[in-house]
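Structural characterization, general
Residue strings, one per chain:
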Amino acid sequence: EHGVAADARFVMRFLDERNRINAILQSVPGALLGVTDELQISIANLHAEMLFGAAPGTLAGRSLFELLPMNTHGRNLLRDAFLYKQEVHDQELVLQVDYQPRHFSVNLAFYTVEQDDIGGVMILQDVSERRNLLETVAMREKLVAMGQLAAGVAHEMNTPLGNILGYAQLLRSGATEH
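Here goes a summary of the coordinates provided. (Residues numbered from 1 in each chain as written. Predicted model: local features only at pLDDT ≥ 70, side-chain atom pairs only at ≥ 80, totals over all residues. Heavy atoms only, no water.)

What follows deals with a nonpolar patch on the surface. Among the surface-exposed residues, L149, V153, M157, L161 and I164 lie close enough to one another that they form a single nonpolar patch of about 500 Å² accessible area. Looking at the element boundaries, V153 is found in helix 5 (residues 128–177). (Patch = residues over 30% accessible without salt bridge, like charges linked within 9 Å, V, L, I, M, F, W, Y side chains within 5 Å. Areas by Shrake-Rupley, 256 points an atom, 1.4 Å probe, with all protein chains shown as cover. Salt bridge = Lys/Arg side-chain N within 4 Å of Asp/Glu carboxyl O. Helix = DSSP H or I, 4+ residues; strand = E, 2+ residues; numbered from the N terminus.)

As structure tokens, then:
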């Protein structure tokens, strides 16, 4: 009976740990993908399923490069990261989501279970709105600078034009006096 109680406690601890890990995975503020060394999705959180429009549990087994429709830069970045086991920190990728280009910040870390079994955990965060905001701010700053330049040029032009106008009026008044 003592062995049964110990087994029950072990099972409860295992289930508690599994639930804790699942809660952590689901609370990550972005799409989390576990990726095998063969570039297959092994696990995905709810954010990832929503991002890719997948039913729960259907991303596992899919190819990473089939799932992420990206440009050549993105494909090369991830290929090299997996090939050389180099972590990726806050690199930006452009992915097609609902036929629209979206900008994502990508973080990738590797873990090893055994020497030949290396996998990675990837987190994708949509930064499209932040990127658009930064581009809008940059454009406004350029417009402000252009306005200041135009005002400076107008001022520089008005000074000699004012002098010319003044001399022209003096010449005109001198011509009418004779």
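For the rest of this paragraph, the subject is the pattern of salt bridges. Counted under the stated rule, the structure contains 5 salt bridges. The residue E92 makes a salt bridge to R131 at a minimum N-O spacing of 2.8 Å. Pair noted here: E92 is in strand 3 (residues 88–97) and R131 is in helix 5, with a separation of 39 residues, a long-range link. Here R102 ties to D126 by a salt bridge, and the two come within 2.7 Å at their closest N and O atoms. With R102 in strand 4 (residues 100–114) and D126 in strand 5 (residues 117–126), the pair connects residues that are 24 residues apart, well separated along the chain.

This next bit is on the nonpolar core. L33, L59, L64, L68, L78, M122 and L124 are the most contacted members of the largest nonpolar core, which totals 29 residues. Listing elements by their share of this core, those giving two or more residues are strand 1 (31–35), strand 2 (41–44), helix 3 (64–67), helix 4 (72–84), strand 3, strand 4 and strand 5. (Core = buried A, V, L, I, M, F, W, Y, C linked by side-chain atoms within 4.5 Å. Buried < 20%, exposed > 50% of the residue type's maximum accessible area, 1.4 Å probe, protein only.)

Here V35 shows up in strand 1. Along the primary structure V35 and V121 are separated by 86 residues, whereas in three dimensions their C-alpha atoms are 6.1 Å apart. Apart from the residues within four sequence positions on either side, V35 is in contact with Q40, I41, S42, L64, F82, Y111, G119 and G120. (Contact = heavy atoms within 4.5 Å.)

Let us look at the side chain of N45. Along the chain, N45 falls in the loop between strand 2 and helix 2 (46–51). Using a relative accessible area of 1% as the deciding quantity, one classes N45 as buried. A distance of 3.0 Å separates the side chain of N45 from the backbone nitrogen of A48, its partner in a polar contact. What N45 contacts, discounting residues up to four positions off in sequence, is L25, Q26, V28, G30, A31 and L32. (Polar contact = N/O pair within 3.5 Å; in protein donor to acceptor, adjacent residues only side chain to side chain.)

In this structure, K85 takes a positive phi of about 55° despite not being glycine. Note on placement: K85 falls in the loop between helix 4 and strand 3. Taking relative accessible area as the criterion, K85 reaches 29% and is therefore assigned partly exposed. A positive phi angle, near 50°, is found at D90, a position not held by glycine. Note that D90 resides in strand 3. On the basis of relative accessibility, which here comes to 59%, the residue D90 falls in the exposed class.

Here we come to the packing of aromatic side chains. Tallied over the full model, the rule gives 1 aromatic pair. Between F82 and F110, the aromatic rings sit 5.3 Å apart at their centres with planes inclined by 85°, giving edge-to-face as the arrangement. Pair noted here: F82 is in helix 4 and F110 is in strand 4, with a separation of 28 residues, a long-range link. The same class applies to F82 as to F110, namely buried. (Phe/Tyr/Trp six-rings, centres within 6.5 Å; stacked < 30°, edge-to-face > 60°.)

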